[in-house]
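Coordinate inspection notes
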Protein chains: 2
Amino acid sequence: MNVEAEQVRSMVVSFADAWNRHDMEALAGLFAEDAQFVNVVGLWWRGRDEIRGAHEFTHRTLFKLSHLTVADIDVRFPTADIAIARCRWVLDGHVSPEGAALPDRHGILASVVQRDGQQWRIIDSQNTDVIEGVLSRPQ
Amino acid sequence: MNVEAEQVRSMVVSFADAWNRHDMEALAGLFAEDAQFVNVVGLWWRGRDEIRGAHEFTHRTLFKLSHLTVADIDVRFPTADIAIARCRWVLDGHVSPEGAALPDRHGILASVVQRDGQQWRIIDSQNTDVIEGVLSRPQ
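Here is what the cut-offs are and how they apply
Residues numbered from 1 in each chain as written. Chains lettered and ligands numbered in written order. Predicted model: local features only at pLDDT ≥ 70, side-chain atom pairs only at ≥ 80, totals over all residues. Least-squares fit on C-alpha atoms with pLDDT ≥ 70 in both. Contact = placed C-beta atoms within 7 Å. Buried ≥ 20, exposed ≤ 12 C-beta atoms within 10 Å, placed from the backbone. Helix = DSSP H or I, 4+ residues; strand = E, 2+ residues; numbered from the N terminus. Pairing = 2+ DSSP bridges. Core = buried A, V, L, I, M, F, W, Y, C linked by C-beta atoms within 7 Å. Expected span 1.5 Å × (residues − 1). Axes fitted to C-alpha atoms, helices over the stretch in contact; angles between N-to-C directions.

**Topic: the relation of the copies chain B and chain A**
The transform that puts chain B on chain A rotates by 180° and translates by 0.0 Å along the axis, for an RMSD of 0.0 Å. Read as a symmetry element, the transformation amounts to a two-fold axis. Closest approach to the rotation axis among the C-alpha atoms of chain B is made by threonine 128 of chain B, whose C-alpha sits 2.6 Å away. Mapped onto chain A, 100% of the interface residues of chain B again fall at the interface, so both copies present the same surface.

**Let's talk about the pairing of strand β6 (residues 119–129) of chain B**
Residues and elements named next belong to chain B. Buried residues dominate β6, accounting for nine of its 11 residues. Where strand β1 (residues 31–38) lies against β6, four bridges are found, and the strand directions are parallel. Bridging from a neighbouring strand, phenylalanine 37 pairs with serine 125 of β6. By the bridge criterion, 10 bridges tie strand β5 (residues 105–116) to β6 in an arrangement that is antiparallel. By the bridge assignment, leucine 109 is partnered in β6 with asparagine 127. Between β5 and β6, which pair antiparallel and follow one another directly, the connecting turn spans two residues, one of which, glycine 117, has a positive phi of 65°.

**Re the nonpolar core**
With 64 residues, the main nonpolar core has Met11, Ala85 and Val113 of chain A together with Met11, Ala85 and Val113 of chain B as its most contacted residues. Residues in contact with alanine 85 of chain A, not counting those within four places in the same chain, are Val8, Met11, Val12, Ile73, Val75, Ser111 and Val113 of chain A.

**Description of helix α1 (residues 3–21) of chain B**
One turn of the α-helix equals 3.6 residues, which is why residues spaced by three or four share an orientation. Residue and element names in this part refer to chain B. The terminal C-alpha atoms of α1 lie 26 Å apart, and with 19 residues this matches the ideal 27 Å at 1.5 Å per residue to within 8%. Against α2 (24–29), β3 (67–79), β4 (82–92), β5 and β6 lie the buried residues of α1. One or two positions beyond α1, positive phi appears at histidine 22, with a value near 55°.

**Observations concerning the environment of histidine 59 of chain A**
Residues and elements named next belong to chain A. Structurally, histidine 59 can be placed in helix α3 (residues 48–60). You can call histidine 59 partly exposed: it has 19 C-beta atoms within 10 Å. A C-alpha to C-alpha distance of 9.9 Å links histidine 59 and arginine 21, two positions 38 residues apart in sequence. In contact with histidine 59, not counting residues within four places along its chain, are His22, Met24 and Lys64.

**Some details on unusual backbone geometry**
Residue and element names in this part refer to chain A. If you check the backbone angles, histidine 22 has positive phi at about 55° while not being a glycine. Within the secondary structure, histidine 22 is located in the loop between α1 (3–21) and α2 (24–29). With 17 C-beta atoms packed within 10 Å, histidine 22 lands in the partly exposed category.

**So, the sheet that holds strand β2 (residues 44–46) of chain A**
Residue and element names in this part refer to chain A. The mixed open sheet is built from six strands, whose spatial order is β2-β1-β6-β5-β4-β3. On the outer flanks of this sheet lie β2 and β3 (67–79), each paired with one strand and no other. The mean angle between the axes of side-by-side strands here comes to 15°, regardless of whether they run parallel or antiparallel. Bridge count between strand β1 (residues 31–38) and β2: three bridges; the pairing is antiparallel. Considered in β2, the bridge of valine 38 is made with tryptophan 44. On the sheet, α1 packs against β3, β4 (82–92), β5 (105–116) and β6 (119–129) and is oriented at approximately 150° with respect to β3.

Everything listed here is a matter of geometry and, on its own, says nothing about what the molecule does.
Here it is as structure tokens:
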């Protein structure tokens, strides 16, 4: 694997590492200032500050003791300075708003990553729950 | 709005138009041959053929009489030849696997679009349901 692909893969791993340390400053620092993030229930956050604030809230509550594991990281380079990274993830240790333990949750996270000088930054992420055994789902 | 932004917006509108004509050849034609698409339940399709095949199946069944409306189209250009387009959508007229009418469904579709000569092609899409009133959701 070339150096750039390894750098982009490490962004995905760093997202999980920051999540698992519940270090939202580190997590937000992976994103460009004007990045957007859509979470698994379609909350659309615009800018690093919103992304940080939303994750700070959930990591004080629902995700306080949660652990994120990423797998199947797929990286493509439509141009030399832009990558699309997608991975599967499993979340365990999370709780309901009422504090009850919840079963493992599965999803897919896509991120667009752009080279910014010597480093890469996430400029866009969208997250989707994996619901097994269906093609679509009534809401 | 500049010409390029208008072209990318028209890709998003063309996706909805093809959906509403249930013309999966036209819908698939918006995508690059090696595009990826993750749908609202986390099915991960790789390549235009898989994207077409999956949509052909759902448009013969669940989405046969469905109508997709897009709104709030947001377009950014990280480079001159790459755009990130995101929109909200509402789907009506769809049915359950058992054929029962379902309420309107809401979501957010993100697409990465790349200039390919004189035209633009979608190289990546990820779709997420909007679930109102929650920060997260037990699966």
